Amino acid sequence: MARTLFAVLCLCGAVCIGPSGRAADGPARPVRILALGDSLTAGYGLAHGDGFVVRLQAALDARGDRITILDGGVSGDTSTDALARLDWALGDRPDAVIVELGGNDGLRGLDPALMERNLTAILDRLQALHLPVLLSGMYAPPNMGTPYGQSFRAVFDRLSHRPGILWDPFFLDGVAAHPALVQADHIHPSPDGVRQIVRRLTPMVEHLAAMAQG
């Protein structure tokens with residue numbers, strides 16, 4: 001009966017979907033990647049077209065990748081905030097997730113142990129859903145002192161060893177502390193800084209998409 005109905009739908013011109021979720025004799029839909037983050041993901045202080053999600057999407061499109069980046073960045077979010085809205089953010093049914101969090105925890109001097117519990121809960125939830133994850137690390141601001149900075153960084157070092165995690169040690173690598181690549185607040189990337197981040201991360205995002213397809 002099921003095969004008969006499938007054949008009738010195809011003969012009537014309906015789009016037939018096979019067991020893999022792709023259209024029969026057609027291309028697979030683009031891989032949907034959620035960028036779950038804070039103001040660095042949301043493009044704080046930048047024109048819309050200069051933000052991380054838009055620039056990353058443009059870079060992937062230019063390379064012919066069938067990847068759609070879903071904007072899950074909220075300025076001001078701590079790891080606690082992101083955990084609270086995680087299920088809502090997953091409502092767009094992504095195939096993989098970029099996790100860029102922790103900057104606001106560090107700026108506010110929040111307990112690194114709390115950040116670790118939150119990030120662990122986020123990663124647990126994503127991995128329970130079999131969603132590949134690109135985890136991007138962060139450092140605490142230097143003015144928080146060496147002991148705090150070491151405890152903060154140790155959280156990401158531990159999480160980076162989780163099985164199945166694609167690891168990017170520092171989201172602002174090559175951008176932080178470079179005046180021409182950051183805004184006047186010396187924290188958020190300028191348009192040129194965003195382009196630097198996107199150039200560095202694009203191959204990793206392509207790898208993440210391949211993991212989702214695999």
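The residue numbering used here restarts from 1 in each chain and proceeds along that chain's sequence as written. With the structure being a predicted model, the display of local features is reserved for residues of pLDDT at least 70 and the display and counting of side-chain atom pairs for 80 or more, all residues being used for whole-chain, interface and lining totals. Note that water and hydrogens are dropped before the side-chain values are worked out from all heavy atoms of the structure.

Trainee: Is there a simple way to explain the packing of helix α7 (residues 112–128) against helix α8 (residues 146–159) in this structure?
Mentor: The description of two helices packed together rests on the angle between their axes and the distance between the axes. Between N-to-C directions, angles cover 0 to 180 degrees, with each direction set by a line fitted to C-alpha atoms, over the stretch in contact for helices. For the purposes of this entry, the term helix denotes a DSSP run of H or I that reaches at least four residues, the term strand denotes a run of E that reaches at least two, and both are numbered from the N terminus. Packing of α7 against α8 leaves a shortest axis separation of 9 Å and a crossing angle of 15°. Relative to α8, the element α7 lies roughly parallel. The crossing of α7 and α8 is right-handed. Taking contact as the criterion, the partners of Pro112, Met115, Glu116, Leu119, Thr120 and Leu123 in α7 are, on α8, Tyr148, Ser151, Phe152, Val155, Phe156, Arg158 and Leu159. For this classification, the nonpolar set comprises Ala, Val, Leu, Ile, Met, Phe, Trp, Tyr, Cys and Pro, the charged set comprises Asp, Glu, Lys and Arg, and every other residue, Gly included, is treated as polar. Grouping the constituent residues of the contact of α7 with α8 by class yields nine nonpolar, two polar and two charged. Our angle categories are set so that under 35 degrees counts as roughly parallel, over 145 as roughly antiparallel, 65 to 115 as roughly perpendicular, and the remainder as oblique. Should the near helix be turned anticlockwise from the far one by less than a right angle, the crossing is left-handed, and should it be turned clockwise, the crossing is right-handed. Whether two residues are in contact is decided by their heavy atoms, any of which lying within 4.5 Å being enough.

Trainee: Which parts of the structure should I look at to understand the environment of threonine 41?
Mentor: Residue placement: threonine 41 occurs in helix α2 (residues 39–42). Apart from residues lying up to four places away in sequence, threonine 41 is in contact with Ala35, Phe52, Val53, Asp71, Gly73 and Glu100. By the criterion applied in these results, polar contacts are pairs of N or O atoms within 3.5 Å in which, for protein atoms, one can donate a hydrogen and the other can accept it, and in which residues neighboring in sequence qualify only through two side-chain atoms. Looking at threonine 41, its side chain comes within polar contact range of the side chain of glutamate 100, at 2.6 Å.

Trainee: Looking at this model, I keep getting lost on unusual backbone geometry. Mind explaining?
Mentor: Most peptide bonds adopt trans geometry, and most residues besides glycine take a negative phi value. Positive phi values are uncommon outside glycine, yet histidine 130 reaches one of about 60°. With respect to the secondary-structure elements, histidine 130 resides in the loop between α7 and β4 (133–136). Phi at alanine 177 takes a positive value of approximately 70°, unusual for a residue other than glycine. Residue position: alanine 177 is located in the loop between β5 (165–168) and α9 (191–213). Here the term buried applies to any residue with accessible area under 20% of the maximum for its type, exposed to any over 50%, and partly exposed to those in between, with areas from a 1.4 Å probe on protein chains only. Alanine 177 sits in the exposed class, given a relative accessible area of 73%.

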